[in-house]
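Structural features, examined
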Amino acid sequence: MRRISATLITGRSLGQGIGKEYGKFSEKYLYVARSCEMNPQDMKDLGVKRGATVRIKSKFGEIAARVTDPTQDLPPGMIFMPYGLWTNILVDPDTEGTGMPSFKGISVELELSEEKSEEPTFPVPEKIAQPARTEGAKLVKNVVCPFCGCLCDDLEVAIQNGKITSVENACILSLNKFLNYERERIHSPIIRDGGESRTVSLEEAVDRAAEILAESNYPITYGWSTTSNEAIRIGVELAEVMGGVIDNTTTVCHGPTILAEEDVGVSTCTLGHVMHRADLIVYWGSNPLQSHPRHLERYSVGSKGRFRKSRGDRTMVVIDVRKTYTGRVADYFIQVEPNRDYELLKALRVAVRGDALEQDVVAGVSRETIEDLADLMVGCEFGTLFFGVGLTMSTGKLRNVSEAISLVTDLNAWTKFTIMPMRGHFNVAGANMVLSWQTGYPYAVDFSHGYPRYNPGDTSIIDILSRKESDAALIIGSDPLSTFPGRIAESLSGIPIIVVDPHRTQTSEKAKVVIPSAPVGIESEGTAHRMDGVPIMLRKLVDSPNGIRSDAEILLMMLERLKAMKGLN
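What comes next concerns the included structure.

The subject of this paragraph is the overall build of the protein chain. Across its full length, the protein chain carries 21 helices and 27 strands. The C-alpha radius of gyration computed for the protein chain amounts to 23 Å, which stays within 12% of the reference 25 Å derived for 569 residues, consistent with globular compactness. Each principal axis of the C-alpha atoms in the protein chain carries an extent, and together these give about 70 × 60 × 60 Å. Looking at the protein chain as a whole, 60% of its 569 residues qualify as buried. For the protein chain, contacts bridging at least 24 residues in sequence account for 72% of all contacts bridging at least 6.

What follows is the structure in structure tokens.
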């Protein structure tokens, strides 16, 4: 049987994002999440065609995936799969003391599988048909989108008979979130015990959740990036009362970024500064046209600012391991070899300082290209480097980010340059902010000693579950059984789980207690922080079904019950 070796890159895609908003158990999501994009030559070498099934093996697991044509330019020897339930089985759970597993640059082997793969009976989602706005609908302007860290605040939402009927100015991901928010909803609290599940009242579910947390020796709470700052504040107090750990999704996205900023500082700005002043935009290890579709339009090369008024006033550079959609529209695309960003950043710093590079090629990039990029950076008037999890999830992790920040520091000796991470969830920045205000630390905060302790790689949730130290988990607006490495998800599924979430997920299906909540920015209001740290208020647009309450209200009830059980006032 033919077999090839490859490097697996996981990441977000438009199809995955659309499918997720359609429902984690929908055919659309499951089809995209289990699809493997391959280079045409690799497909030929392996003897597979579109629609065939391949077995993909790493040192940590094995999966079957459906082969699809590449939607982006993949070099030979590289495959791409959306970040999710199947790919994470292949991921190394070791965080190397950072709290962050390596979700990118994974060495795998592929072989043809005898399993049959059927083509879907529906088109893979690229667009969604938006209903026409009906006469008499209520129009709400300047609505904030609760999807990604851009928090676009110019949406116009039409509401009729208490339902959202159309949305203007939204990207494809935002549109799907608003029009599909009622799909796969959890409508009533659920308690599972002894293999049976039953629908209960909110009060009974909260009481049972509080009992589990009160009886736990080392509980963990995780998520917090798709809820409001007000809910997160209550969550911090809840973690302190229960004597456990509060961690957020930063730990598996930009946790290494925060560690790097703590080491070397950061030269940053707001997105407004970029929109008005930046003439050079660099995207490194990021594909915003799929993960943050309006970022270019609103804040960087496509925006109309006070001093930079058109695309012609700006230059765009994309640096990535594959030529993504964003790379195709860039003025310059530079392809770096997987897991070698650190070397390229080091070489670029050498060139910026005016020193000679000894190697002809560094990380797959020629010396001439590195020197030309250095000249472009030094010669700009105001540059910004946006970087994604392509740096934080691959070999080097926080050291990659430290070098990127140091590169920006070097550039500020010549010109004005700033750097900013591309934050994913709409309030992951807010989760860091609130934890920092309340505890002094941004994530992975441990209250088991009676005071806040912070040591990512030790107090981060991946490492705690890897050591099997926790005996209960409270999950807020997240699906870790789908997003954690397979071995970590297995450890989590072995302890009692409490889930507070508007929608069904893999995690909610395994939870002992499930409490439905009202999604922030749609059925409840609250504050969130944009990726640049600017706080923005999200409004309530429609009423919740069946009296479902907000995360903040549910958590406050849980906190009061827990305090009463522990004899605290």
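Summed over the entire model, instances satisfying the criterion amount to 37 salt bridges. Residue R294 pairs with E297 through a salt bridge whose shortest N-O separation is 3.1 Å. Judged by relative accessible area, which is 8%, R294 ranks as buried. Residue R504 is joined to E509 by a salt bridge in which the shortest nitrogen-to-oxygen separation is 3.2 Å. Using a relative accessible area of 29% as the deciding quantity, one classes R504 as partly exposed. In this structure, a network of salt bridges that share partners links the residues K346, R349, R353, D355, E403 and D410.

One open sheet holds the nine strands; their spatial order is β11-β10-β25-β24-β23-β12-β13-β21-β22, and the pairing between them is mixed. The sheet terminates laterally at β11 (196–199) and β22 (453–454), the two strands that pair on one side only. The pairing of strand β13 (residues 245–248) with strand β21 (residues 445–446) spans two bridges and is classified as antiparallel. Bridge pairing in β21 places V245 opposite D446. Against the sheet, helix α16 (residues 428–439) makes contact with β13 and β21, and its axis sits at roughly 150 degrees relative to β13, the strand it touches most.

In this section: the packing of helix α7 (residues 255–264) against helix α15 (residues 398–411). Each packed pair of helices is defined by two parameters, the angle between the axes and the distance between the axes. Two elements in contact, α7 and α15, have axes whose closest approach is 8 Å; the angle formed by their N-to-C orientations is 50 degrees. Between α7 and α15, the crossing angle belongs to the class labelled oblique. In this structure, α7 meets α15 at a crossing whose hand is right-handed. Residues P256, T257, L259, A260, E261, D263 and V264 of α7 form the contact with α15, whose own contacting residues are L398, R399, V401, S402 and I405. Residues belonging to the contact of α7 with α15 are distributed by class as follows: seven nonpolar, two polar and three charged.

Here we come to the nonpolar core. Membership of the largest hydrophobic core comes to 53 residues, with the highest contact counts inside it found for M38, I56, I79, V108 and L110. The next biggest cluster of nonpolar side chains, apart from the first, holds 45 residues, and it includes I319, L373, F387 and A404.

When you tally the buried positions in strand β19 (residues 382–387), you get six out of six residues, the bulk of the element. Along β19, one buried face is formed by F382, T384 and F386 and the opposite face, lined by G383, L385 and F387, is buried too. The sheet contact formed by strand β14 (residues 280–284) and β19 spans five bridges and is parallel. Within β19, the position partnered with I281 by the bridge is T384. Sheet topology note: the β19/strand β20 (residues 416–421) ladder contains six bridges and is parallel. Across the sheet, F387 pairs through a bridge with P421, a residue of β20.

This part takes up α7. Inspection of α7 places G255, P256, T257, I258, L259 and A260 among the buried residues, and these make up the whole buried set. Turning to α7, the residues buried within the fold contact β19, α14 (389–392), α15, β20, α16 and β22.

Further remarks concern helix α6 (residues 229–242). Its 14 residues place the ends of α6 20 Å apart at the C-alpha level, agreeing with the 20 Å of an ideal helix rising 1.5 Å per residue. Directly beyond the C-terminal end of α6, a positive phi value near 70 degrees is found at G243.

Taken in spatial order, the six strands close into a barrel running β1-β5-β2-β4-β3-β6, and their pairing is mixed. Recorded for the sheet is a direction-independent mean angle of 45 degrees between the axes of neighbouring strands. Where strand β3 (residues 53–57) lies against strand β6 (residues 104–112), four bridges are found, and the strand directions are antiparallel. Each residue of the ladder has a partner; that of V54, found in β6, is L112.

Quick look at the side chain of T249 now. Tracing the chain through its elements places T249 in the loop between β13 and α7. The buried category is assigned to T249, whose relative accessible area is 5%.

As a further point, take the packing of helix α5 (residues 202–215) against helix α21 (residues 551–565). One way to put it is that α5 packs onto α21 with a least axis distance of 9 Å and a crossing angle of 50 degrees. Considering their axes alone, α5 and α21 lie oblique with respect to each other. For the element pair α5 and α21, the recorded crossing hand is right-handed. Contact with α5, carried on its side by L202, E203, V206, D207, A209, A210, E211, L213 and A214, involves M557, M558, R561, L562 and M565 of α21 and no other residues of that element. Residues of the contact of α5 with α21, tallied by class, amount to 10 nonpolar, no polar and four charged.

We describe a pair of aromatic rings using the distance from one ring centre to the other and the angle between the two ring planes. For the structure on display, the rule yields five aromatic pairs. Note on Y283 and F386: the rings are 5.4 Å apart at their centroids and 20 degrees apart in plane angle, and the pair reads as stacked. Highlighted residues: Y283 in strand β14 and F386 in strand β19, separated in sequence by 103 residues. Among the residues examined, Y283 registers a relative accessible area of 0% and is labelled buried.

Let us look at unusual backbone geometry. You will see that E96, though not glycine, has its phi angle at about 55 degrees, which is positive. Locating E96 in the fold gives a position in the loop between β5 (78–82) and β6. Positive phi values are uncommon outside glycine, yet K468 reaches one of about 55 degrees. Mapped onto the secondary structure, K468 falls in the loop between α17 (461–466) and β23 (472–476). By relative accessible area, which is 67% here, K468 ends up exposed.

What counts as what
- Residues numbered from 1 in each chain as written.
- Predicted model: local features only at pLDDT ≥ 70, side-chain atom pairs only at ≥ 80, totals over all residues.
- Heavy atoms only, no water.
- Helix = DSSP H or I, 4+ residues; strand = E, 2+ residues; numbered from the N terminus.
- Rg over C-alpha atoms; globule rule 2.2 N^0.38 Å.
- Buried < 20%, exposed > 50% of the residue type's maximum accessible area, 1.4 Å probe, protein only.
- Contact = heavy atoms within 4.5 Å.
- Salt bridge = Lys/Arg side-chain N within 4 Å of Asp/Glu carboxyl O.
- Pairing = 2+ DSSP bridges.
- Axes fitted to C-alpha atoms, helices over the stretch in contact; angles between N-to-C directions.
- Parallel < 35°, antiparallel > 145°, perpendicular 65-115°, else oblique.
- Left-handed = near helix turned anticlockwise from the far one by under 90°.
- Nonpolar A, V, L, I, M, F, W, Y, C, P; charged D, E, K, R; others polar.
- Core = buried A, V, L, I, M, F, W, Y, C linked by side-chain atoms within 4.5 Å.
- Expected span 1.5 Å × (residues − 1).
- Phe/Tyr/Trp six-rings, centres within 6.5 Å; stacked < 30°, edge-to-face > 60°.

So yeah, pure geometry; function would need other evidence.
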